[in-house]
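# Summary of the model geometry
Residues per chain, in single letters:
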Amino acid sequence: MNFAFRVHITKSIGLGHLKRLNILKKYIKQNVYWIVSGDKEIIYKNIRKSKNILFIKSIKHEAKIANELFAKGLNKVVFDIANNKFLKKNLNLKIISIYKNLGYKIISYDLPNQKNLSDISIIPYDLEKRKVIKKNRINFYGSKYYLNDNLIMNKNKNKIKIKKILITIGGSDFKNIGYELAKILKNENFKIKLLCGLNNNKSKLSNVETIGLVQNIDKYLKWSDIVICGEGLTKYEVIYQNKPFIMIHQFDTRSDMIKSFIKEDYCLSLGLYIKKNLKNYKRKILEYINNNDLISKHLKKQIKIFDNINVYKNKRKLINLIRK
C-alpha cells in the first residue's frame, strides 16, 4: 500500500471532497491510508469501512505522520483540501509542502487560478480566463476530468414530464435550505424526495419523503424528473444523468468559477439563498418546470460538456497516470 488520501471534513465544508476521493479510489483499485482532519464523528461515519484512518491533530502531528508513512514505503498522496478555510490561511500549501519536502509524489484537486505545488494537478472546472499553469507539472484542466461513478454520461431520452422532484443541498445542508424548499413545494402536485444528509432536522413534511445520509445518490437522480441542488459537486452528477436542474447557492455566487458555470446556461440559478425570498423561489421554480423550451435548451447544452469521444479516453489517461 503506497497511497494516502488527505481530506478535511466538517459540516460547513460538506462531503463533496470525500466523495470525490472515494470515486477516485474505486478507479485506482488500491487500498489507501486516509489522512483526515475535521469532525471526527462525520469522518468515522463516512470512512467506517477502512481500518487505515489517521486523524491529524496539528501541523506538527501531520509532519510526524508523513515521516512515519514515508519510512514504511508510502510515496504518493492525493490531496483534496482546497476548501475556503484552508485557502484563506494558506493551510493547503503548508500541508502539501510537508509531504513534498519528504519526496512524496503529490497529486491534488485544485481550484482554478489557485497556486499549487503538485506533480499532478486536477482542476475539474471550466473557467473563461485562467492563469497560465507552470509547464513542469502535469495538469488536467476542465470539467471533462470530473470523475463520476460511471465514466460515460447517461443521455436522457425521455420526454419532459416533471412529476418527481429531488432536493439535495449537499452532504450537510447545515443552513436547512432543502427543508425550506421542500416545505414551499409540498402542496404542489409533485412527488418530492429530500436528501437531508447530515442535517439533524427531524421535522416531517407531509407529501415529502425525507432521506438521511446516502453514500450514492445515483438511484435518486435516476428516479427524479428534475433536481434542486446547491452549487457544489452535485451539479455535475446531475449533468451526468442529463437531468434538468435548479441551482440555489449556499455560499458562492461571485467566484469566477461559479460565474463561468452560470454563463454556460446549463440550468436555472436562483442565486444566493435568502430565507425571506422563499415565495419568489417558489414562483421561479414553478415557472421553470412549466417552460419545456428552456428545459430542452439546457439539456442539449449539458450533453456538450461530456458528449465527446475523447472524454472517456482523457479520464482513463488521468486514472492510469495517478496509479503509476
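Turning our eyes to something else, we now look at the packing of helix α6 (residues 177-185) against helix α10 (residues 278-289). Running from amino to carboxyl end, α6 crosses α10 at an angle of 65°, the nearest separation of the two axes being 10 Å. Considered as vectors, α6 and α10 are oriented roughly perpendicular to each other. Relative to α10, the crossing made by α6 is right-handed. From α6, Glu180, Leu181, Ile184 and Leu185 reach across to α10, where they touch Leu278, Tyr281, Lys282, Ile285 and Leu286. Taken together, the residues of the contact of α6 with α10 break down into seven nonpolar, no polar and two charged.

So, on to the sheet that holds strand β8 (residues 164-168). The strand order across the open sheet built from six strands is β10-β9-β8-β11-β12-β13, with neighbouring strands paired in parallel fashion. Of all the strands in the sheet, the pair left with one neighbour each is β10 (208-212) and β13 (268-272). Averaged over all pairs of adjacent strands, the angle between their axes in this sheet comes to 15°, without regard to strand direction. The strands that α6 touches are β8, β9 (191-197), β10, β11 (226-229) and β12 (245-249); relative to β9, the one it contacts most, it runs at about 165°.

The side chains of a regular strand alternate, residue by residue, between the two faces of the sheet. Taking burial as the measure, the six residues of strand β2 (residues 33-38) include five buried ones, the bulk of the element. Pairing between strand β1 (residues 3-9) and β2: six bridges, direction parallel. Considered in β2, the bridge of Arg6 is made with Ile35. Following the backbone out of β1, through helix α1 (residues 16-28) and into the adjacent parallel β2, one traces a crossover that is right-handed. Here β2 runs beside strand β3 (residues 53-55); their pairing, made up of three bridges, is parallel. The residue of β3 that forms the bridge with Val36 is Phe55.

Counted by the stated rule, this structure contains eleven aromatic pairs. Aromatic ring contacts, followed pair by pair, group Tyr146, Tyr236, Tyr240, Phe261 and Tyr266 into a single cluster. Sitting above the plane of the Phe55 ring, Lys40 keeps its charged end 4.9 Å from the centroid. Lying over the aromatic face of Trp223, Lys193 brings its terminal NZ or CZ to 4.5 Å of the ring centre.

With that out of the way, let us pick up the sheet that holds β2. Where strands meet in a sheet, backbone hydrogen bonds hold them as pairs that are either parallel or antiparallel. Across the sheet, which stays open at both edges, the seven strands sit in the order β3-β2-β1-β4-β5-β6-β7 with parallel pairing between neighbours. Each of the sheet's edge strands pairs with one partner strand only, and the pair in question is β3 and β7 (138-141). Neighbour-to-neighbour, the strand axes of the sheet open up by a mean angle of 15°, direction not taken into account.

Moving on: the pairing of β8. When you tally the buried positions in β8, you get four out of five residues, the bulk of the element. One crossover worth recording links β8 to the parallel β9 by way of α6, and it is right-handed. With four bridges joining them, β8 and β11 adopt parallel strand pairing. Considered in β11, the bridge of Thr168 is made with Cys229.

Counted under the stated rule, the structure contains eleven salt bridges. Linking Glu209 and Lys193 is a salt bridge whose minimum nitrogen-to-oxygen distance equals 3.8 Å. Note that Glu209 is positioned in strand β10 and Lys193 in strand β9, a separation of 16 residues in sequence. In this structure, Asp265 engages Lys297 in a salt bridge whose closest nitrogen and oxygen atoms are separated by 3.0 Å. On the criterion of sequence distance, the pair formed by Asp265 in the loop between α9 (256-263) and β13 and Lys297 in helix α11 (residues 292-306) is long-range, its members being 32 residues apart. Where salt bridges share partners, they join Asp265, Lys297 and Lys301 into one cluster.

Each value, and the rule that gives it
- Residues numbered from 1 in each chain as written.
- Predicted model: local features only at pLDDT ≥ 70, side-chain atom pairs only at ≥ 80, totals over all residues.
- Heavy atoms only, no water.
- Axes fitted to C-alpha atoms, helices over the stretch in contact; angles between N-to-C directions.
- Helix = DSSP H or I, 4+ residues; strand = E, 2+ residues; numbered from the N terminus.
- Parallel < 35°, antiparallel > 145°, perpendicular 65-115°, else oblique.
- Left-handed = near helix turned anticlockwise from the far one by under 90°.
- Contact = heavy atoms within 4.5 Å.
- Nonpolar A, V, L, I, M, F, W, Y, C, P; charged D, E, K, R; others polar.
- Pairing = 2+ DSSP bridges.
- Buried < 20%, exposed > 50% of the residue type's maximum accessible area, 1.4 Å probe, protein only.
- Right-handed = clockwise from strand over helix to strand, strands pointing away.
- Phe/Tyr/Trp six-rings, centres within 6.5 Å; stacked < 30°, edge-to-face > 60°.
- Lys NZ or Arg CZ within 6 Å of the ring centre and 35° of its normal.
- Salt bridge = Lys/Arg side-chain N within 4 Å of Asp/Glu carboxyl O.

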